[in-house]
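The residues making up each chain are set out below.
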Amino acid sequence: QELVRWMSVSGEGIETVTSYDETTEKTQIKTNEEQTAIISSSIVNNYEATLNDVVIVGRIPFVGNKDGNGNDLGTNFDAVLQTAIATNGVIADVYYSEDGMAEDSSESWSQDTTDMSKYKSYKIVVREKNLAKGERLNFEYNLTIPSTVGNNAKGYANYVVYYKIDTQNYSSQCSVGMFTEEKEI
């Protein structure tokens, strides 16, 4: 019994890789060439119980981004959010923040999608707050990898799912990475 999570990165000229649960898979991207990376994710409730108060807080790749435990992911380039996050499965509301450290309770969340390029964090709130056994939430967004990315670059996207079973709080995270060719400087 668990909350199944996965996150993948793909795109033209990018080999698709998928991270499951706590693993972090990486794929190579090109240097000095603007690219579009597609980040696709899903959560599925495989518990026997209904999950309550389900919220996802995620980060796109940017210098200094951290995982759900506050550990630096090692990203050394800034990707740019191209598109609003599309969801399907259970109905959910999506919020965005320019604050790369925004938490679920932060005041910086907005649903304004006029200029997606300014956002570093996102929050997805399951509208009914609950995810019943077997229910799924899928979400996807596009990133621009800038042409200024050279050798020895690393970038990680990450999300954390917060939920309750009865009165017990839980969190689970997932990350996926991109890198460029390593060369001695």
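One can find the structure itself at the top, above this paragraph.
Just so it is clear, the model here is predicted, and its values are computed rather than measured.

K.L.:
For the overall build of the protein chain, give the residues involved together with the corresponding values.
P.N.:
Secondary structure summary: the protein chain contains zero helices and 12 strands in total. In the protein chain, the succession of α and β elements from N to C terminus is β-β-β-β-β-β-β-β-β-β-β-β. For 185 residues, the compact-globule estimate of 2.2 N^0.38 gives 16 Å, and the protein chain sits close to it at 16 Å. The principal-axis extents of the C-alpha atoms in the protein chain amount to approximately 55 × 35 × 30 Å. Burial analysis of the protein chain (185 residues in total) assigns 46% to the buried set. A separation of at least 24 residues holds for 72% of the contacts in the protein chain among residues at least 6 apart in sequence. If the 15 positive side-chain charges of the protein chain are averaged to one point and the 28 negative ones to another, these points end up 1 Å apart.

K.L.:
Just give me the short version of the layout of surface pockets, but keep the residues and values in it.
P.N.:
The space that makes up the largest pocket amounts to roughly 260 Å³. As for the largest pocket, its lining consists of 16 residues, and the residues nearest its centre are Arg59, Gly68, Ala102, Glu103 and Tyr162. Sorting the residues of the lining of the largest pocket by element identifies strand E5 (52-59) and strand E11 (154-165) as the ones contributing at least two each. Here the residues of the lining of the largest pocket sort into five nonpolar, six polar and five charged.

K.L.:
Got a sec to walk through the pattern of salt bridges? Specific residues and values, please.
P.N.:
For the coordinates displayed, the defined rule picks out seven salt bridges. Between arginine 5 and aspartate 21 there is a salt bridge, with its nearest N and O atoms 3.4 Å apart. Highlighted residues: arginine 5 in strand E1 (residues 3-11) and aspartate 21 in the loop between strand E2 (14-20) and strand E3 (24-28), separated in sequence by 16 residues. With a closest N to O distance of 3.5 Å, lysine 30 and glutamate 33 form a salt bridge.

K.L.:
With reference to specific residues and values, describe the pairing of E1.
P.N.:
Among the nine residues in E1, seven count as buried, and that is most of the element. Relative to strand E4 (residues 35-45), E1 runs antiparallel, the two sharing eight bridges. Each bridged residue has a counterpart across the sheet, and for serine 10 the counterpart in E4 is isoleucine 38. Examined bridge by bridge, E1 and E2 share five bridges and lie antiparallel to one another. Looking across to E2, one finds that methionine 7 is bridged to serine 19.

K.L.:
Got a sec to walk through unusual backbone geometry? Specific residues and values, please.
P.N.:
Even without being a glycine, aspartate 21 presents a positive backbone phi close to 50°. Phi is positive for aspartate 166, which is not a glycine, with a value near 60°. Looking at the secondary structure, you find aspartate 166 in the loop between E11 and strand E12 (168-179).

How each quantity is defined
- Residues numbered from 1 in each chain as written.
- Predicted model: local features only at pLDDT ≥ 70, side-chain atom pairs only at ≥ 80, totals over all residues.
- Heavy atoms only, no water.
- Helix = DSSP H or I, 4+ residues; strand = E, 2+ residues; numbered from the N terminus.
- Rg over C-alpha atoms; globule rule 2.2 N^0.38 Å.
- Buried < 20%, exposed > 50% of the residue type's maximum accessible area, 1.4 Å probe, protein only.
- Contact = heavy atoms within 4.5 Å.
- Lys, Arg positive; Asp, Glu negative; His and termini not counted.
- Charge placed at Lys NZ, Arg CZ, Asp CG, Glu CD.
- 1 Å grid on protein atoms, 1.4 Å probe; cavity = no way out; pocket = protein on both sides within 12 Å on 5 of 7 lines; lining within 4 Å.
- Points joined across faces, edges and corners; volume = space filled by probe spheres on them.
- Nonpolar A, V, L, I, M, F, W, Y, C, P; charged D, E, K, R; others polar.
- Salt bridge = Lys/Arg side-chain N within 4 Å of Asp/Glu carboxyl O.
- Pairing = 2+ DSSP bridges.

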